[in-house]
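Notes for the structure review
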Amino acid sequence: MLLAIDIGNTNLTFGVFDGAELQFTFRLTTNLPRTSNEFGEAIVEAISRHNIVEDQIHDVIIASVVPKVMYSLVSGIKKYFGRTPYIVGSDTKSGIHIAAANPSEIGADRIVDAVGAYEMYGGPVIVVDYGTATTYDLVTGDGVFAARVTCPGIKISARALWSSAAQLPEIEIKKPDTILAKNTITGMQAGLIYGTIGQTEYIVKMIKKESGIPNIRVVATGGLGRCISDATNAIDIYDPNLTLQGTRLVYEKTKAFEEKKGKTGE
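Bear in mind that the values here come from a model prediction, so they are computed numbers and not experimental data.

Here we take up helix H3 (residues 108-121). Counted at 1.5 Å a residue, the expected span for H3 with its 14 residues is 20 Å, and the 20 Å between its end C-alpha atoms agrees. Of all 14 residues in H3, 10 are buried, a share of seventy percent or more. All buried positions along H3 are accounted for by Ala-108, Arg-110, Ile-111, Val-112, Asp-113, Ala-114, Val-115, Gly-116, Ala-117 and Tyr-118.

This is the structure in structure tokens:
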């Protein structure tokens, strides 16, 4: 089995795969400091709830945008699973060509999202990830990561409201029944959700217009992506596990490259 790990600014998301099938997922918070033993014990405990033991995990791959947790996490995996994890980077053999002046600027999460969307749903494709930041990435029909847009995420915007405006309260982020809000809380909810819907529709429209590719499939993921995708025709597919599936696909491509390299002796 493969353990795929997506390390975001808010959560570490773990997925256990048996072949191409995602068996289960679990999460840990990113901002809680942990030692290698704490990471190892937490992962072992989580997989044991699903009757999986350490020896059944034959490989591990990590896509991370939070460098500070990597040393302890990688050490914990080596210690408890006896595996050196693959680390996704801009030089990883992903099958996606990054058309950027500095490819190392592209986060591992965006790489695996692009791979997942392109391989599973075809190209050209716009990948929208409603995470800590909201990101829009264009992958062309021939697999080129051609453009990217980055916006404040919904939670970042919400925190900015209630931390910067003294009279605005901390609220639950959800779509209100109507944009015609009658109180402060639903007014904030309307601004956050409908504002993001409008942002999505405009950015997707402009990417299609300026790229000259009108027929582009739009695939969304991320924790709050369902709320947005259900409210707009700009999104064609919502896949909550896109990042983990993309990480698995990158692993498979990396292994295939290594096997080919081994056979040719290059």
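The sheet built from 5 strands is open, its strands ordered S3-S2-S1-S4-S5 with mixed pairing. This sheet does not close on itself; its edge strands, each paired only once, are strand S3 (21-29) and strand S5 (86-87). As paired elements, strand S1 (residues 2-7) and strand S2 (residues 11-18) share 6 bridges and run antiparallel to each other. Within S2, the position partnered with Leu-2 by the bridge is Phe-17. Running over the sheet, helix H2 (residues 70-81) touches S1, S2, strand S4 (59-64) and S5 and is turned about 175° from S4.

A few words on the packing of helix H4 (residues 154-164) against helix H5 (residues 184-211). Remark: H4 packs on H5, axes separated minimally by 11 Å, with the N-to-C direction vectors making an angle of 150°. Taken together, the axes of H4 and H5 lie roughly antiparallel to each other. Taken as a pair, H4 and H5 cross one another with a handedness that is right-handed. Contacts between H4 and H5 involve Ile-154, Ser-157, Ala-158, Leu-161 and Trp-162 on the former and, on the latter, Met-188, Leu-192 and Thr-196. Among the residues forming the contact of H4 with H5, the class breakdown is 6 nonpolar, 2 polar and no charged.

Conventions adopted
- The numbers attached to residues start from 1 for each chain and follow its sequence in the written order.
- At least 70 in pLDDT is required for a residue's local features to be given in this predicted model, at least 80 for side-chain atom pairs to be given and counted, and no such filter applies to totals for whole chains, interfaces and linings, which use all residues.
- The side-chain quantities take in all heavy atoms of the structure and omit both hydrogens and water.
- Each helix is a run of H or I in the DSSP string that is no shorter than four residues. Each strand is a run of E no shorter than two, and both are numbered from the N terminus.
- Expected span of a helix: the number of residues minus one, times 1.5 Å.
- Three exposure classes are used, based on accessible area relative to the maximum for each residue type with a 1.4 Å probe and protein chains only: buried under 20%, partly exposed in between, and exposed over 50%.
- A pair of strands is labelled paired if DSSP reports no fewer than 2 bridges between them.
- Between two residues, a contact is recorded if the distance between any of their heavy atoms is within 4.5 Å.
- Every axis in this analysis is a line fitted to C-alpha atoms, fitted for helices over the stretch in contact. Angles between the N-to-C directions lie between 0 and 180 degrees.
- Our angle categories are set so that under 35 degrees counts as roughly parallel, over 145 as roughly antiparallel, 65 to 115 as roughly perpendicular, and the remainder as oblique.
- By definition, any crossing whose near helix is turned counterclockwise from its far helix by less than a right angle is left-handed, and any crossing with a clockwise turn is right-handed.
- The classification used treats Ala, Val, Leu, Ile, Met, Phe, Trp, Tyr, Cys and Pro as nonpolar, Asp, Glu, Lys and Arg as charged, and all other residues, Gly among them, as polar.

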